[in-house]
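Okay, here's what each chain looks like letter by letter:
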Amino acid sequence: MRGPQPVESTKVSDVPAVARRSALVLQGSSREIGDRVFKFIMLLCGLAVLATLALIVYQLVLRSSLSWHAFGFKFFAARDWDPVNEKFGALPFIYGTLVSSFLALLIAVPLAIGVAVFTTEMCPVRLRGPLSFFVELLAAIPSVIYGLWAIFVLVPILSNYVEPFLSRTLGWTGLFTGAPYGISMLAAGLILAVMVIPIISSIAREVLMVVPQHQREAALALGATRWEMIRVGVLRNARAGIMGGIILGLGRALGETIAVTMVIGNRPEIAKSLFAPGYTMASVLANEFSEATGDVYLSALVEIGLALFLVTIVVNALARLLVWSVTRGQPARAHA
Amino acid sequence: MPEAASGSARQAVASIAWQRRVTDHIMTGVAVLTVIIVLVPLFAIFAYLVYRGVGSINWAFLTQTPKPVGESGGGMANAIVGSGLILALASVLGIPLGIGAGIYLAEFGRNRFGDAIRFTADVLSGVPSIVIGIVAYAIVVLSQKHFSALAGGVALAIMMIPTITRTTEEMLLLVPQALREAAYGLGIPRWRTTLSITLRTATSGVVTGVMLAFARIAGETAPLLFTALGNQYWNLHTNQPTAALPLQIYAYALSPYDDWHRQAWAGALVLIVLIVTAVAAVRFAVRRGTFGAA
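Residues numbered from 1 in each chain as written. Chains lettered and ligands numbered in written order. Predicted model: local features only at pLDDT ≥ 70, side-chain atom pairs only at ≥ 80, totals over all residues.

(A) Fine view of the overall build of chain B. From N to C terminus, chain B includes eleven helices and zero strands. Going residue by residue from the N terminus, the α and β elements of chain B occur as α-α-α-α-α-α-α-α-α-α-α. Against the compact-globule benchmark of 19 Å for 294 residues, chain B has a radius of gyration of 27 Å, which places it well outside the compact range. Along the three orthogonal principal directions, the C-alpha set of chain B runs to about 95 × 65 × 35 Å. The buried share among the 294 residues of chain B stands at 51%. Sequence-distant contacts in chain B: of pairs separated by 6 or more residues, those separated by 24 or more amount to 74%. (Helix = DSSP H or I, 4+ residues; strand = E, 2+ residues; numbered from the N terminus. Rg over C-alpha atoms; globule rule 2.2 N^0.38 Å. Buried ≥ 20, exposed ≤ 12 C-beta atoms within 10 Å, placed from the backbone. Contact = placed C-beta atoms within 7 Å.)

In structure tokens form, the structure reads like this:
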């Protein structure tokens, strides 16, 4: 940091008020103007943030109106996606998005909470830094690399070992039947799980760390074992915040595009089996948007985008409120 | 028979204590297990990247453009440069806006209007990247009438802004009020105080936010699909379709050719090295804690 620097207008502060007012006219006015201009430019930057969101909403609504007028609410309930005959229904994509995201949460939540509890409550202090660094690193891997790895490593493992095993042991549930191709809803759910774990676990870690130390001490003083202390003194106090982290992870999973598109199979069908290919709202956009011919087709795709946008906004707002209620006004840190 | 009763009670207490201790150990074991399960994919991904990528990177990969379909050889040089171009455009647009909005929030934004911007920035950071791609398409591509590096840059800039805005605000708020007052006391105008005193003190924190945002967008594929589109040839014009490393990896990974798979791995390794370098640099800067000392 540099030291204070001499500035010519310093003298202004020690002249009497009357003289100062006249001095302002002469030399201080330029400084007033400087401040106003500065504030105005910064205000413009702030307004740009508002304008960006407004522009997103405006463009999505504008460009989806054709499809909205043609199909109305039925758009979200219809199952057929037939660009040739211009019949569009978004249900298979909504189904695929929901199932893959919930599957991801089912796998990710226990793991992420386990990692957060271990790093904050159990592990030696020396390990804490490196461990959270590794989990953060997981968040820094680009989606396309997850997809690449999933295609060439995860999918073969699934089709050769995991899926045959699951269909032998749990095939009777109907969730694990059909040909084990690997490219499936299951693969999408798994890769999504890996991608949302760092988000959930870093929020959970933050929330666990703001649980007051005396809660832990009180539980231990009553003779609780470490696990009982964590269960009663820590996790119970952090419930709302952890829930917020989970919902934030859900928001990420719903909107995740590339990795899912690479492994889900991209077929607009609703199948009970997790071995069957599916399609999500984000992946239909990725695959078909630049090739969409016809205004209604494009408009239907934008409407899917609009629906995805609205859902993620609601989900994220909910998550932030929950996290804020725990960390009490400390702004949630950005997670990259 | 009070003695027998207390004896069995003692036994009961002992067995409960034993149960509690076992539960404690089991739960510790479960927590360790979750850590191992989470770290396995991380190491598996990096191991595969290095294993498949290092063997695939060669001089041709780094200096040549893609060969036509079916011919082996060639490289991703144009995609690496294209990514650089798109990221530079995004940074030029996104970084000043993000920092400016952050300054507004920290210095002038203690009001309803500031809260609205804060909330909007948070909402914006949760918008799926593919949706931002659609909007950049609607704004830039439709008005320019063709796909371009600029459209890709706009999409990525929109993704950078919220992260930069919020971290800049946080870092500026960490700067003690007394420092600002000292500057005002010397008669330094407010704008000069903010830029030369407050922002300068918070520099390393702000840089951290910028690097995090940069690392986040550097690997983005979805918003580039129908903005930058991709290109098999060299292009340095901001109004032409442009190749990008993530786009090229995506296209090659889904292709049926072994040689293209090989190049996808090489491209992925180049991409991850760039990103991890950025993230590690950030952590190093934070560890030094220049802004924390302020």
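Next comes the rest of the account.
(B) Broad picture of the overall build of chain A. On a plain count of helices and strands, chain A comes out with ten helices and two strands. Mapped from its N terminus to its C terminus, chain A presents α and β elements in the order α-β-β-α-α-α-α-α-α-α-α-α. Counting across all 336 residues of chain A, residues that qualify as buried make up 46%. Residue pairs at least 24 apart in sequence account for 74% of intrachain contacts in chain A once pairs closer than 6 positions are excluded.

(C) Broad picture of the domain arrangement of chain B. Residue and element names in this part refer to chain B. Looking at the assigned domains, one finds that chain B contains domain 1 (2–56) and domain 2 (62–288). When each unit is reduced to the centre of its C-alpha atoms, the spacing between domain 1 and domain 2 is 40 Å. Taken together, the six residues of domain 1 in the interface contact seven residues of domain 2. Split by residue class, the side of domain 1 that touches domain 2 holds three nonpolar, two polar and one charged. (Domains from an automatic or database assignment. Nonpolar A, V, L, I, M, F, W, Y, C, P; charged D, E, K, R; others polar.)

(D) Structural view of unusual backbone geometry. You will see that Asn266(A), though not glycine, has its phi angle at about 55°, which is positive. Note that Asn266(A) resides in the loop between helix H8 (258–263) and helix H9 (281–288). With phi around 70°, Leu229(B) is a residue other than glycine that occupies positive phi space. Its place among the elements puts Leu229(B) in the loop between helix H9 (203–218) and helix H10 (245–253). Among the residues examined, Leu229(B) registers 22 C-beta atoms within 10 Å and is labelled buried.

(E) Quick peek at the environment of Ala282(A). When you line up the elements, Ala282(A) lands in helix H9. With 29 C-beta atoms packed within 10 Å, Ala282(A) lands in the buried category. Between the C-alpha atom of Ala282(A) and that of Thr97(A), which follows or precedes it by 185 residues, the distance is 7.9 Å. Residue contacts for Ala282(A): discarding those within four places in its chain leaves Gly255(A), Glu256(A), Thr257(A), Val260(A), Leu308(A), Pro128(B) and Ile130(B).

(F) Quick peek at the interface of chain B and chain A. Taken residue by residue, the interface counts 85 residues in chain B and 79 residues in chain A. Among the elements that line the side of chain B that touches chain A, the one with the most residues is helix H1 (residues 2–56) of chain B, at 19 residues. In terms of residue class, the side of chain B that touches chain A is made up of 58 nonpolar, 17 polar and ten charged.

(G) View of the packing of helix H7 (residues 177–185) of chain B against helix H8 (residues 190–201) of chain B. Residue and element names in this part refer to chain B. As a packed pair, H7 and H8 sit with axes 10 Å apart at the nearest point and diverge in direction by 155°. Taken together, H7 and H8 sit at an angle that is classed as roughly antiparallel. Considering the relative orientation of H7 and H8, their crossing is right-handed. Contacts between H7 and H8 pair Leu 179, Arg 180, Ala 183 and Tyr 184 from the former with Thr 193, Ile 197, Thr 198 and Thr 201 from the latter. Residues of the contact of H7 with H8, tallied by class, amount to four nonpolar, three polar and one charged. (Axes fitted to C-alpha atoms, helices over the stretch in contact; angles between N-to-C directions. Parallel < 35°, antiparallel > 145°, perpendicular 65-115°, else oblique. Left-handed = near helix turned anticlockwise from the far one by under 90°.)

(H) Region of interest: the environment of Leu89(B). Residues and elements named next belong to chain B. Among the secondary structure elements, Leu 89 is positioned in helix H3 (residues 77–108). The exposure class assigned to Leu 89 is buried, which follows from the 22 C-beta atoms found within 10 Å. Taking the C-alpha atoms as reference points, Leu 89 and Ala 157, separated by 68 residues in sequence, lie 7.9 Å from one another. Excluding residues within four positions of it along the chain, Leu 89 makes contact with Ala 149, Leu 150, Gly 153 and Thr 238.

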